[in-house]
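# Descriptive structure summary
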Amino acid sequence: MTTITESDVGILCFISNLPGFRGILKQRYSDFIVNEVDTEGNVVHLTSLDAPPEVVEERETKISDQLNKDYASEIEKFRLLAGDTDADRLEALINQITSGSEEDISPIVLSPDSDKSHRTAMHNFFKENLRFLVTDTVDGPDSSSKCIRVRLNSGNNNGGRNSKKRKQRGDKPYDSRGSSHWPENLGRFLRFHLYKENKDTQEALGLIGKMLGIQPRSFGFAGTKDKRSVSTQRVTVFKQHASRLAALNERLIGIKVGDFCYVKDDLLLGQLLGNRFTIVLRGIVADSEEIIKESAESLGRHGFINYFGLQRFGSGSIPTHRIGATLLKGEWKVAREYYKETGDIEGTLRKLPRHLVAERAMLQCLKKCPGNYLQALKAIPRTLRMMYVHSYQSYLWNHAASMRVQKYGSNEVVLGDLVYCKGNDAENVKVVPSEHEDNNLEDADDCSQLDEISGTDLPEGKINPVKVITEADISTGNYTVEDVVLPMPGSRIIYPANDIANVYHDMAKKDGISLTESVHNIKEFSITSMTGSYRRVFQKPIDFEWELLSYTDSSIALSETDLDKIAKTKPLNLIKDEKPTNGTEGQDPLDHIEQLESCEDDKICSTGNVDVECSREDEPPEGAGKSDSQETQKALKLALTLHSSCYATMAIRELLKTSTSVAFHKTLNQ
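I will try to describe carefully the structure that is included in this document. (Residues numbered from 1 in each chain as written. Predicted model: local features only at pLDDT ≥ 70, side-chain atom pairs only at ≥ 80, totals over all residues. Heavy atoms only, no water.)

### Some details on the overall build of the protein chain
Condition: Secondary structure elements follow DSSP: runs of H or I no shorter than four residues count as helices, runs of E no shorter than two count as strands, and numbering proceeds from the N terminus. Between buried and exposed lies partly exposed: a residue is buried under 20% and exposed over 50% of the maximum accessible area for its type, with that area taken using a 1.4 Å probe on protein chains only. Whether two residues are in contact is decided by their heavy atoms, any of which lying within 4.5 Å being enough. Surface accessibility in these figures is a Shrake-Rupley result with a 1.4 Å probe; residues are shielded only by whichever protein chains are displayed.
Counting its secondary structure elements, the protein chain contains 18 helices and 20 strands. Burial analysis of the protein chain (670 residues in total) assigns 55% to the buried set. Here the analysis covers contacts within the protein chain between residues at least 6 apart in sequence; of these, 81% occur between residues at least 24 apart. Counting every atom, the protein chain has about 30000 Å² of accessible surface; 47% of that belongs to carbon and sulfur.

So this is what it looks like as structure tokens:
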């Protein structure tokens, strides 16, 4: 397998001309700390592992007690809304309930109703007036009508036909097991802070879900975090008590949960401003400390080119942008066929690691529908399968950004550039999505492809209009190079009014792709069916800090994690197995720099009836900055905040002037 390089995906330029220096990225996973930044700009930290005291709401009185009153007035109000027939049915149901016989009470189905607004009014009537009854909608006698079903509220609401609506919007019903009789004084969702070491987000939540006995769909989060890191982020879970999750801390290994509170709404992908990174670069070697200082100060002042990092393009035998290109052309069979040599789907499924979600989903579908490659692709979770097309968009964007820097530099705007509008200009242009506002663009990356992208490119609220730079704009000086954007191809974007536009069309044409016409009718794999968006070409780190450190023992952490801070005041049970990795069948800890390799390095530990993957802080291999002579070495510690959609590796690349690829950083560890 040939590993893709930065130049393969258009990562070609730097902003500064400084020489750079040597530094090892992620020699230890604790050298890379990620703290989510919420939509209010608050940095998310784990500060407490304890469940808050809960005000126990007195259980509702028995239904017979609730009904120890006359509901004649409510029935008459319902008669005005629904008519005599349905009012009589309701009255009979209430009389049956008040008789004390709760065992054999059957639901009633009201008259067919094709008026959705009227059905809504009916549902609301029961919510406001007869809360001991619940309603849902069922099919009517013909295709154009629906009926409202009314039944006793036993606390076992399972969503009914709402599941169809959720499927239509790409969602799934929550797993509501164990949530019966949820207290009315609590929000439906428990929000907590998830702290994890050397695990990706979905892996950690999968383990927690197993221990709680609930499905992964019950959890919500704003963005996936890098595996090879120590990260803290917000998570919501549907109708679970804080005490249940807090109790897991004694059993979870490499994972902690805390800072609990109940909220009304769940977290959705993209609901974050970005991430705060604390990064340690070890084994620093430079011609002088002055070069290090100048490079760090240049990064703070001028920023970096906002490329999509190598993580975006995968590590499989076929890069994700190549798969994206074939999907855009409608060549479904390029879907990766692990079983193509033997046709043994069952055997391949047994061998495939659990984290290969996309591959397993395809094979399961091909097992049921042999040869149906399009259907197999659709079996992959939507957020994962869209990654391929988004990867191709990113591939074109990177090349366009490099051409923009090569041809026009990084110091000023030029005629024909695209910029986010300012002032009065915003009132005179068509509004189109920015990089954060296109729902169709970035649902989420496959967790096995993500590294330290700062969140996901999802709606953030405000929509920024875009315009083309004119001679008048240049003469007034209203716009700077920081305002320059380039498009992610789609149906509602415009291209720069200069040579950079040709990069998109020429490269797509070489791949046999048109950016203006689709060759098939599968919308989700069509550029023309996507809205498109814009992305800033240059980014500056926020609240950027740096310091140069000295160390002799590379096994000693140089940054303090959230858990370290808690441990100062309270003993913790965070088990680590710090064994050297150079004897583990050739595995190198830097195999996980971009989180593109398998998770097979993780051990499986038995905790009760649940398999819990152990965390392991990998010591560097022999010769990687650790010697018997305890030679003093330098490390550069950075702290910076990046907006969602930015890659921290691209900031590091600008600093070091070296590749961020796994292969390169392996050589530094020899």
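Further notes follow.
### So, the pairing of strand β2 (residues 32-37)
The side chains of a regular strand alternate between both faces of the sheet. This is how it is decided: In this analysis, strands are considered paired if DSSP registers two or more bridges between them.
Where burial is concerned, most of β2 is hidden: six out of the six residues are buried. With burial as the criterion, each face of β2 is covered, one bearing Phe32, Val34 and Glu36 and the other bearing Ile33, Asn35 and Val37. Here β2 runs beside strand β10 (residues 274-285); their pairing, made up of six bridges, is antiparallel. Residue Asn35 lies in a different strand from β10, and its bridge partner there is Arg276. Both β2 and strand β8 (residues 230-238) contribute to a ladder of three bridges, which runs parallel. Among the inter-strand pairings, Asn35 is bridged to a residue of β8, identified as Thr232.

### Quick word on helix α2 (residues 72-82)
An α-helical turn contains 3.6 residues, so a residue and the one three or four places further along point in the same direction. Operational definition: To obtain the arc, one takes the directions from the helix axis to the C-beta atoms.
Turning to α2, its buried residues are Glu74, Ile75, Phe78 and Arg79. The arc that holds every buried residue of α2, seen down its axis, measures 145 degrees, which confines them to one face. Summarising the contacts, the buried residues of α2 are in contact with α3 (84-98) and α4 (116-129). Where α2 ends, the next residue or the one after it, Gly83, has phi of about 100 degrees, a positive value.

### With respect to the sheet that holds strand β13 (residues 466-468)
This is how the line gets drawn: The axes are straight lines fitted to the C-alpha atoms, using for helices just the contacting stretch, and the angles between their N-to-C directions are given from 0 to 180°.
Spatially, four strands are ordered β13-β12-β14-β15 in an open sheet, and the strand pairing comes out antiparallel. Every other strand in the sheet has two partners, leaving β13 and β15 (533-536) as the edge strands with one partner each. For this sheet, the mean angle separating the axes of adjacent strands, direction not counted, is 50 degrees. For strand β12 (residues 418-420) and β13, the ladder comprises three bridges, and the chain directions are antiparallel. Across the sheet, residue Val419 finds its bridge partner in β13, namely Lys467.

### Some thoughts on the nonpolar core
To keep things clear, this is the line we draw: We call a set of buried residues a nonpolar core when its members are Ala, Val, Leu, Ile, Met, Phe, Trp, Tyr or Cys and they connect through side-chain atoms within 4.5 Å of each other. Throughout, the edges of the domains are those of an automatic or database domain assignment.
Ile279 and Leu281 are the most contacted members of the largest nonpolar core, which totals 81 residues. With 11 residues, the single largest contributor to this core is helix α13 (residues 382-408). Both of domain 1 (9-41 + 277-306 + 538-564 + 632-669) and domain 4 (389-439 + 463-536) provide at least three residues apiece to this core. By size, the runner-up hydrophobic cluster in this structure holds 25 residues, among which are Leu194, Phe221, Leu245 and Phe260.

### Considering the sheet that holds strand β3 (residues 108-109)
One open sheet holds the three strands; their spatial order is β3-β5-β4, and the pairing between them is antiparallel. Where the open sheet ends on each side, the last strands, each with one partner, are β3 and β4 (133-139). When β3 meets strand β5 (residues 146-152), the two strands line up antiparallel, connected through two bridges. Paired with Ile108 across the bridge in β5 is Val150. Helix-sheet contacts for α4 involve β4 and β5, and the interaxial angle to β4 is about 160 degrees.

### Regarding the packing of α2 against α3
Between two packed helices, what matters for the description is the angle formed by their axes and the separation of those axes. The criterion, for reference: Roughly parallel means an angle under 35 degrees; roughly antiparallel means over 145; roughly perpendicular covers 65 to 115; every other angle is labelled oblique. Take the far helix as the reference: if the near one is turned anticlockwise from it by less than a right angle, the crossing is left-handed, and if turned clockwise, right-handed. In this count, Pro and Cys sit with the nonpolar residues alongside Ala, Val, Leu, Ile, Met, Phe, Trp and Tyr, while Asp, Glu, Lys and Arg are called charged and the others, Gly among them, polar.
At a closest axis distance of 7 Å, the pairing of α2 and α3 adopts a crossing angle of 150 degrees. It follows that α2 is roughly antiparallel to α3 by the angle criterion. At the point where α2 passes α3, the crossing takes the right-handed sense. Residue-level inspection shows Ile75, Phe78, Arg79 and Ala82 of α2 in contact with α3, the latter providing Asp84, Asp86, Ala87, Asp88, Leu90, Glu91 and Ile94. Taken together, the residues that form the contact of α2 with α3 break down as six nonpolar, no polar and five charged.

### Let's talk about the packing of aromatic side chains
Our working definition: Each aromatic pair joins two rings of Phe, Tyr and Trp (for Trp, the six-membered one) with centres within 6.5 Å, and gets the label stacked for planes under 30 degrees apart, edge-to-face for over 60, and tilted for any other angle.
Counted according to the given criterion, the structure contains 12 aromatic pairs. Pairing Phe125 with Phe126 gives two aromatic rings, centres 5.7 Å apart and planes at 90 degrees, and the pair type is edge-to-face. Judged by relative accessible area, which is 8%, Phe125 ranks as buried. By relative accessible area, which is 1% here, Phe126 ends up buried. Centroid distance Tyr392 to Tyr395: 5.7 Å. Interplanar angle 35 degrees. Geometry classified as tilted.

### Observations concerning the environment of Pro112
Mapped onto the elements, Pro112 comes out in the loop between β3 and α4. Separated by 26 residues in the primary sequence, Pro112 and Val138 place their C-alpha atoms 9.5 Å from one another. With residues up to four places along the chain from it excluded, the contact list for Pro112 reads Pro141, Ser145, Lys146 and Cys147.

### What about the pairing of strand β20 (residues 633-643)?
Within β20, eight of the 11 residues are buried, leaving the element largely enclosed by the surrounding structure. Where β10 meets β20, eight bridges bridge the pair, whose relative direction is antiparallel. Bridge pairing in β20 places Asn275 opposite Leu642. Two elements, strand β17 (residues 542-551) and β20, share eight bridges in a ladder whose sense is antiparallel. Residue Glu547 lies in a different strand from β20, and its bridge partner there is Lys637.

### Remarks on unusual backbone geometry
If you check the backbone angles, Lys26 has positive phi at about 60 degrees while not being a glycine. Within the element layout of this structure, Lys26 appears in the loop between β1 (22-25) and β2. A positive phi angle, near 50 degrees, is found at Asp259, a position not held by glycine. With respect to the helices, strands and loops of the structure, Asp259 is situated in strand β9 (residues 255-263).

### Here we look at the packing of helix α8 (residues 289-302) against helix α17 (residues 648-656)
Packing of α8 against α17 leaves a shortest axis separation of 9 Å and a crossing angle of 140 degrees. Here α17 runs oblique to α8, going by the angle between their axes. Both α8 and α17 take part in a crossing whose hand is right-handed. Packed against α8, whose contacting residues are Ser295, Ala296 and Leu299, the element α17 presents Ala651, Glu654 and Leu655 at the interface. Of the residues belonging to the contact of α8 with α17, the class tally is four nonpolar, one polar and one charged.

### Some words on the pattern of salt bridges
Here is the rule: Between Lys or Arg on one side and Asp or Glu on the other, a salt bridge is scored when a side-chain nitrogen of the former is within 4 Å of a carboxyl oxygen of the latter.
Within the structure shown, the criterion is met by 20 salt bridges. Glu36 is the salt-bridge partner of Lys225, the closest N and O atoms lying 3.0 Å from each other. Placement of Lys225 in the loop between β7 (219-221) and β8 and of Glu36 in strand β2 is noted, with a sequence separation of 189 residues between them. An identical accessibility class is assigned to Lys225 and Glu36; each is buried. Linking Asp499 and Lys407 is a salt bridge whose minimum nitrogen-to-oxygen distance equals 2.2 Å. Of this pair, Asp499 sits in the loop between β14 (484-488) and α15 (500-510) while Lys407 sits in helix α13; the two residues are 92 residues apart in sequence, bridging distant segments of the chain. The class for Lys407 is partly exposed, based on a relative accessible area of 42%.

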